[in-house]
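# Reading the structure
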Amino acid sequence: MHGNEVVGRELLINLIQYLLENYSDPRVAEIVNSTNIFIMPTMNPDGFEASVEGRCGGVKGRNNANDVDLNRDFPDQFIEENSQNTTKQPETVALMKWLTRRDNKFVLSINFHGGSVVASYPFDGSKSKESRYSASPDDDVFKHLARVYASNHKTMSRSTGHACNEGQFLDGITNGAQWYSLYGGMQDFSYLHSNCFEITVELSCCKYPLHTELEKEWDNNKEALLAYMEQVHIGVNGFVYDADTGIGIENATISVDGIGHSVTTARFGDFWRLLIPGNYTIRSTAHGYNSALEHVEVPEGKGKRMIFRLKRDTSVELDNRGEPENRENTIVKVADNQTSTETISKLTSPPPSGFESADINELVDHINKLRDSAHREKITFIEPTTIKHHKYPELTSFMQEYSQKYPDITRLYSVGKSVQGRELWVMEISDNPGVHEPGEPEFKYIGNMHGNEVVGREVLLLLIELLCENYQHNRFISLMVNHTRIHIMPTMNPDGYEISKEGDIEGVHGRQNADGIDLNRNFPDQFEETRINRQQEIETTEVMEWIQAYPFVLSANLHGGSLVANFPFDDTMLGHSIYSKCPDDKVFKQLAESYSLAHTTMHSGHPCPSITSEYFKDGITNGAQWYSVSGGMQDWNYLKTNCFEITIELGCVKFPLTKDLPKYWMDNKFPLLVYMGQVHKGVRGFVKNKENGAGLGNATLIVEGIDHSIVTAADGDYWRLLAPGTYIITAKLTGYKSMTRQVNVTFDVATEVNFTLVRSEVNDWSKEKDFGIKANTRIHTYTTNQEMIEELKQLTLQNSAIMEYSMVKRTEAGNTISLVHISDPSNTVTYRPKMLLLGGLYADEPVGAELLIRLIRHLVKGYEVNEVRILKLLQNTDLYIIPQLDVDGVVKAIPGDCTGELRARATTSDRFTNQPQSVLPILEQQFQTYNFDMVLSLEANGLFVAVPWEHDINNTDETQDEEVFHTLGNVFLDNFPSMDDRTSCEAGTPHGIIHGAEVRGSSLMALDMAYEKYNTLMISAHLSCCKYPEPSKLPLVWMNSMEALMASVEISNQGVYGKIMSTTNHPISGVSLRIDDQPRAIVPSETGEFYKLLTEGKHNIFATSQGAVILVIVVIVTIVLCVRNQKPNRFKWSNDGFHRVSLNDYEDDEDEDIFSDRSMKDKLISPSVYRDCDSDEEYDMFDKKLIKQ
């Protein structure tokens, strides 16, 4: 797992060989015959390749190729979700999927490391974040497992830790957190998110010993390896069966009284539960069954065999509609712990509201059995007696008749009228018509979009009849109606139908609407605006509004002229007829196949042999690959709503003769039902407010790796169609903390995944500290360069008294680098320090730009409402802000790329020798223009502050202003506590204040350039572990950073300002200044002015001219502030941000002695420069007292 810890890798290769070659040994044969053994010699092959044989310590090769420690990368129960890096490494994701797969019910595992000799067991971390014993519910079992390995190892149990000069490990074992706290480890994840018990074993003091040592390591570990594998059989094991059918029950829960950790059964109802010898009460529970318990004595050695036979639960009381009276939804959890990622298995909780006790599994089971047209389940219906074509009046009468005949399950409504005034009728069929039942998906069919393609129109009328006539007579149909809100629009183009002709095979008469527009070319298109879709027809507009008004999940649009199921995308950017894959391509293929395979002939792929030689494999096609269509309805559904829609061509003849309609009905009856049933697959659930349990509407559901999100309905319910597989799903809503869960999706019933969101502290903080600026808590997107320019210009117009906007440069790519100047010129202070806040120095770290636009909003709003702190800040500081310097490179950066290659970063290996594409010359031009006193660059890729030097000079990385730089850095750290927390980012990431040379390597060396060439103090604050975090993380980064940003601007006033003038009040040329004993000179401006940031305390300023000291100035720099106490964000400043320097020039020693007198110094700086203020009143009293003194 750590690439440079290699003994485990070689031992496992030996173990594979040993088990195979010694299968004739009875002990080995017993292990192999009774256990499914999986051996992964290396989880980090990339790191191994970078490691060096013989290197016993160090970290070279420890991390993966992205420089991430894989044993810190797993979701962790003790780290808050929004503090975790949700972008997991490929190796981590692969292991998580492997550990939690339905067919991988691992029981026991071991994870080999190096660098010590000890067996470590969960938990690895603790809630307190301290290195102390952190027991899991199965602590006794884990101690037993660790002892088995240690005691069978030749040295581990006897070394007591001294083998590697470490503290003592009694019996050669240790609790992980007691040794040292570790967060994001694999052993804790295995225990909490699967059935698997895992320990971590450190095998050798030397991480990468010489190959000559490997034989000894094998000899030390061989017996321990075999003995540990044999422990997989301890405890209890057995089966959970359905008492009536004898079939094994998958995902039944096996729990042990008194131990807060359960396991679940495998596919055939089999289970293994590790326990040490003793007496236990074992319980088995499964949804839809009565639970059972047994008292059991667990022996030494091989475990106790148990059989549970569960009876179906018949105690659920039904209401008068045959539905459970308890309609509450239950959240599925595998483990009772709060983590950011949870593995959700197949549905095991009570189903959501609206479901009958018969269980939705029965419905999906019917659907799956009807899917194969050649081997479908035998099922009979009350069939329609009259099959014919229906003109508009007949269609209307038909719809009204069935609505009146079946009022309990139907609702007839119109979404609007056609160009010629005909109603666009829709029949709703549901057990509760007119109501969206929380937890019940909504489905729609649309027919006759092209007026002369009529088969869809007629089979939909027949489908309405079938559903109504068979309700409460056919179990399958009843289940479908009870669990699905079905909307059927037989015709979208009634005007075109009325002029069409029966017998039309492939004509176009009647295809268009009454305005002569093809409605399936009339929807807004992602790639092209054409003459046809530039303006939407009335039918198009009404259907668009209808689709957006209902939480549709799945749909099909029925056409004619071929025989194929066609799925998105329908067109391409260039309009070429090539495969145009949408993000959910796998899902759409599955949906299209569900119709095609259930159809009598569609799946054969030869739609119209007498008309065309076209062939569609399995009877499906990607729309654009067939032919490119701009303005199609199916693409618009997918791109603009939650609804997945395909287009189905029902036959080669567009308007068949009446006598042929029965065959069309028989061919399509089952496919129509099977396709409708696909709405119950994938993932479903609720997003709720944790405070009150209320559903949260408009929450966004994001599936990792699929660039298409959906939103919840008004009650917080959602349905997300997915192909079988393992997915990571995140629920987001502005004002709430996001929640992420892992889910296993099968081909069967939709997996239920519920999310309970907690209100984000950012919301409350924003109201209290950020004037409730909504734009600053936006979580959906990053601000584009153009959006930023427009907003900055608008803010400048609204706040022209304090804000100026200018363009630094327009790049060759046409992007604009913006500069904002914010200051209050109405206050005539002697001197305002010039401070630059810089974002986007490195293009792949766009966090800085987002924080700076938020800071600008904060400052102008604070000025608008006369917030005292901001008024003082703007009165005393000339603040310049460049939100994004590398505006061209940011376009090339990869969203979500936290640790990858720095593609967009402009770099240079030679100091100040810049390549043409570098942004450094642009930055230098601003230094020359504005002569900044201090610069703060906002960056990412860690949580730390970097100061010069970024390269070693004379074998040192410290500048002459080391104390000043650390003062600036400490101001940021004091107000950004997690920067000093070693666990905030991945292991090995810097924290606190560092010199750039420690991390930079090849970089722009901007900090050095500013200091060396312009005598400007420049530091960089790294504000996010991830270089390009997802936008939902930005409000939290802003909340964590704002106080530090404000304090950093205020600290720019801590220093000395003055003028060097002659007795005639003219600037003296040729004068330079030195501070204390620093050899570095300060050169006053042409007007004789100088300003220098300094540390607090007494400083001597020497003015020299032509090498001679002409004046000595003694200054005392004081900073007056209330130190932040335990209350959050208590950081206040005195009258003008800082107590101004006391500057005196001394003509003789007597004056200097007077100044140096302790009582005089006390008068200047008493009371104490640091005070802990507990209230605004105390602060005001302190401030007034100081000003008076």
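Each remark here, short or long, concerns the structure printed above.
Reference entry: report on the structure contained in this document. (Residues numbered from 1 in each chain as written. Predicted model: local features only at pLDDT ≥ 70, side-chain atom pairs only at ≥ 80, totals over all residues. Heavy atoms only, no water.)

### A closer look at the sheet that holds strand β9 (residues 278-285)
Hydrogen bonds between backbone groups are what pair the strands of a sheet, and the pairing can be parallel or antiparallel. Pairing in this open sheet of four strands is antiparallel, and the strands run β7-β6-β9-β10 from one edge to the other. Every interior strand has two partners, whereas the edge strands, β7 (259-264) and β10 (292-298), have only one. Each adjacent strand pair in this sheet contributes to an overall mean axis angle of 25 degrees, direction not counted. Alignment of β9 against β10, held across seven bridges, turns out to be antiparallel. The residue bridging Y280 from the neighbouring strand is V296, located in β10. (Pairing = 2+ DSSP bridges. Helix = DSSP H or I, 4+ residues; strand = E, 2+ residues; numbered from the N terminus. Axes fitted to C-alpha atoms, helices over the stretch in contact; angles between N-to-C directions.)

### What to know about the pattern of salt bridges
According to the stated counting rule, one finds 51 salt bridges in the structure shown. Measuring nitrogen to oxygen at the nearest pair gives 2.7 Å for the salt bridge that ties D138 to R273. Of this pair, D138 sits in the loop between β2 (118-121) and α5 (139-152) while R273 sits in strand β8 (residues 270-273), placing them 135 residues apart in sequence. Note on accessibility: D138 and R273 belong to one class, buried. (Salt bridge = Lys/Arg side-chain N within 4 Å of Asp/Glu carboxyl O. Buried < 20%, exposed > 50% of the residue type's maximum accessible area, 1.4 Å probe, protein only.)

### Quick notes on unusual backbone geometry
Following P122, the chain continues into F123 via a peptide bond in cis, with omega recorded as 0 degrees. Here F123 shows up in the loop between β2 and α5. For the bond running from P948 to W949, omega is 5 degrees, close enough to zero to count as cis. Looking at the secondary structure, you find W949 in the loop between β34 (942-947) and α25 (962-974). Even without a glycine there, the phi angle at F771 is positive, about 60 degrees.

### Overview of the packing of aromatic side chains
Applying the stated criterion across every chain yields a total of 50 aromatic pairs. Aromatic pair F38 and F106: ring centres 5.2 Å apart, planes at 85 degrees, arrangement edge-to-face. Taken as a pair, F38 in the loop between α2 (26-34) and α3 (45-50) and F106 in the loop between α4 (90-100) and β1 (108-113) lie far apart in primary sequence, 68 residues in all. Take F38: its relative accessible area is 47%, and that puts it in the partly exposed class. Each ring, one from F927 and one from F932, has its centre 5.8 Å from the other, and the planes form 85 degrees; the classification is edge-to-face. The class for F927 is buried, based on a relative accessible area of 2%. (Phe/Tyr/Trp six-rings, centres within 6.5 Å; stacked < 30°, edge-to-face > 60°.)

### Considering the state of the cysteines
Scanning the model with the defined rule gives three disulfides in all. Across the disulfide from C56 sits C206; the S-S distance is 2.1 Å. Here C56 and C206 share a disulfide; its torsion about the S-S bond, -85 degrees, makes the bridge left-handed. Here C206 lies in the loop between β4 (197-202) and α9 (214-230) and C56 lies in the loop between α3 and α4, a separation of 150 residues in the sequence. In this structure C56 comes out as partly exposed when scored by relative accessible area, which is 39%. Accessibility expressed as a relative area gives 15% for C206, which makes it buried. (Disulfide = S-S within 2.5 Å.)

### Section: the side chain of Q187
Turning to its location among the elements, Q187 is positioned in helix α8 (residues 186-193). Look at Q187 and you get buried, because its relative accessible area is 0%. Polar contacts involving the side chain of Q187 include one to the side chain of T200, which spans 2.8 Å. If sequence neighbours within four positions are ignored, Q187 has contacts with S120, Y121, P122, D124, E198, I199 and T200. (Polar contact = N/O pair within 3.5 Å; in protein donor to acceptor, adjacent residues only side chain to side chain. Contact = heavy atoms within 4.5 Å.)

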